[in-house]
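# Remarks on the overall topology
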Amino acid sequence: MADKKAFVTGVTGQDGAYLSKLLLEKGYRVYGLLQRSTRYAFENLDYLGVTGDVDYVEGNMDDEASLINAIRRVHPDEVYNLAAQSFVGVSWDQARLTTEVNSLGVLNLLNAIKNFTPTTRFYQASTSEMFGNSADEQGIQTENTPFHPRSPYAISKLYAYWITINYKESFGMYCCNGILFNHESPIRGLEFVTRKITDAVVRIKLGMQDRLGLGNLDSCRDWGFAGDYVEAMYLMLQQDDPDNYLVSTGNTHSIADFCSAAFARVGIEDWEKHVFIDPAFKRPAELHRLRGHSERASEKLGWKPRVSFEELVNMMVDADLKRLSPAD
Ligand code: NAP
């Protein structure tokens, strides 16, 4: 097991940071793809204390040659493809960029692996967004639920999902899709609704902000903790055979539930007074309700989420409180 090498794209993102920490703890040498920037975003890796333990390779999902260089240089045992334009809302305004990174970027990476390190194991960060509003009679999604993507983001991810399966079937590569439901943490991007709520709740509590504008309060999501979900990614690449796995908690909560729990954590019970619907945040097409059934991950990987919804909300509010409270 010693000296196993993992190459993580999207290493500076929420999941990239949690996964890097997990793999480093397991003794991996971790290489991260870093896209060229005038200001590198190491905050998430800093938060988890692993920035200096990762080796970085510059490149971009959009640039096949840079991925070939990275794969040839690292010769990884495992590749975790987490890089993406990952914000659903932006995907309507930047549909082409979203497609280039999230669809063609995956094709670039798979080709680099196929041609230079074909025995490398590959994980693709697929998403519950691919289901759209599709579900069974109980309103639950499984690996067999038909896909009906409702955003350019979800459509770009569906291409990536199928090309990953196709490279497994066509070339015998070890390729897995993790169909992950929403997962959050104190380092979730501030543009995502959960973190937007916890950040605003703390600012309201501290008198730094009056109100919080949201696009809708009724959508329901199956929210889990990112630290739990990266363990499922790792487990998918340790099996005898590659497969696709849905990863979720099995519980669903509305955005109103999330607000209520977050405000309650700072002692504000009349939370509705502080929240208003801002049409600017409404999306052209909404997903009403996601709730996943991750039986395959539980049976084959032995994976189960550890952190509950309430623990997750409290963890995020507490972290924002610590970050935003004035120093003594
Ligand atoms: P995130 O925090 O938004 O991180 C995205 C990462 O992708 C960042 O490191 C970003 O780099 C990198 N990136 C973006 N464009 C790139 C490009 N052209 N070339 C190279 N790197 C690029 O996302 P996350 O929440 O960690 O999610 C990880 C993956 O899981 C994503 O693919 C996401 O779509 C998927 N997913 C997430 C969830 C969830 O609930 N979090 C659920 C299902 C699936 P910079 O830091 O330089 O911008």
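This text gives an overview of the structure that appears in the document. For clarity, every value in this text was computed on a predicted model and none was experimentally measured.

## Observations regarding the nonpolar core
The biggest cluster of nonpolar side chains holds 62 residues, and the ones touching the most others in it are L19, L23, Y80, Y123, I197 and M236. Excluding residues within four positions of it along the chain, L19 makes contact with V8, Y80, L82, V230 and M233. Membership of the second largest hydrophobic core comes to 23 residues, among which are Y31, V57, L109 and I113.

## A look at the packing of helix α3 (residues 64-74) against helix α5 (residues 95-116)
Interaxial distance between α3 and α5 falls to 9 Å at its minimum, and their mutual angle equals 40°. Comparing the axis directions of α3 and α5 gives the class oblique. Considering how the two elements wind past one another, α3 and α5 form a crossing that is right-handed. On α5, the residues touching E64, L67, I68, I71 and R72 of α3 are G105, N108, L109, N111, A112, I113 and F116.

## As for the side chain of T145
Checked against the element boundaries, T145 lands in the loop between β5 (121-127) and α6 (152-171). Residue T145 is classed as buried on the basis of its relative accessible area, which comes to 8%. Among the polar contacts listed, one links the side chain of T145 to the backbone nitrogen of T142, at a separation of 2.8 Å. When neighbours within four sequence positions are excluded, T145 is seen to be in contact with F131, S134, A135 and I140.

## Digging into the packing of aromatic side chains
Tallying each qualifying case throughout the model produces 15 aromatic pairs. Ring geometry for Y40 and F42: centres 6.1 Å apart, planes at 40°, overall tilted. The class of Y40 is partly exposed, set by a relative accessible area of 25%. A relative accessible area of 21% means that F42 is categorised as partly exposed. Where W223 meets F258, the ring centres are 5.2 Å apart and the plane angle is 65°; that geometry is what we call edge-to-face. One end of the pair, W223, is in the loop between β9 (220-221) and β10 (224-225); the other, F258, is in helix α9 (residues 255-265), with 35 residues separating them in the sequence. Exposure class is identical for W223 and F258. Each is buried. An aromatic cluster is built from F131, F147, Y161, W162 and F181, whose rings are joined through pairwise contacts. The ring of F281 has K196 lying over it, and the distance from NZ or CZ to the ring centre is 3.3 Å.

## A look at the site of the ligand
Taken together, 26 residues lie near the ligand, and T12, D15, S86, Y153 and K157 sit nearest. Backbone polar atom of G10 to an oxygen atom of the ligand: 3.4 Å apart, as the coordinates give it. Contacts to the ligand include M61, whose backbone N or O atom sits 3.1 Å from a nitrogen atom. For the ligand, the protein covers 85% of the area, taking 900 Å² as the surface of the free molecule. Residue contributions to the shell around the ligand peak at three residues, all from β5.

## Topic: the environment of T249
Secondary-structure assignment places T249 in the loop between β11 (244-247) and β12 (253-254). Along the sequence, T249 and V307 sit 58 residues apart, while their C-alpha atoms lie 9.2 Å from each other. Contacts of T249, omitting those with residues within four sequence positions, involve D222, W223, G224, Y229 and P305. At 3.0 Å, the side chain of T249 and the backbone nitrogen of N251 are in polar contact.

Quick notes on the rules
- Residues numbered from 1 in each chain as written.
- Predicted model: local features only at pLDDT ≥ 70, side-chain atom pairs only at ≥ 80, totals over all residues.
- Heavy atoms only, no water.
- Core = buried A, V, L, I, M, F, W, Y, C linked by side-chain atoms within 4.5 Å.
- Buried < 20%, exposed > 50% of the residue type's maximum accessible area, 1.4 Å probe, protein only.
- Contact = heavy atoms within 4.5 Å.
- Axes fitted to C-alpha atoms, helices over the stretch in contact; angles between N-to-C directions.
- Helix = DSSP H or I, 4+ residues; strand = E, 2+ residues; numbered from the N terminus.
- Parallel < 35°, antiparallel > 145°, perpendicular 65-115°, else oblique.
- Left-handed = near helix turned anticlockwise from the far one by under 90°.
- Polar contact = N/O pair within 3.5 Å; in protein donor to acceptor, adjacent residues only side chain to side chain.
- Phe/Tyr/Trp six-rings, centres within 6.5 Å; stacked < 30°, edge-to-face > 60°.
- Lys NZ or Arg CZ within 6 Å of the ring centre and 35° of its normal.
- Near = heavy atom within 4 Å.
- Areas by Shrake-Rupley, 256 points an atom, 1.4 Å probe, with all protein chains shown as cover.

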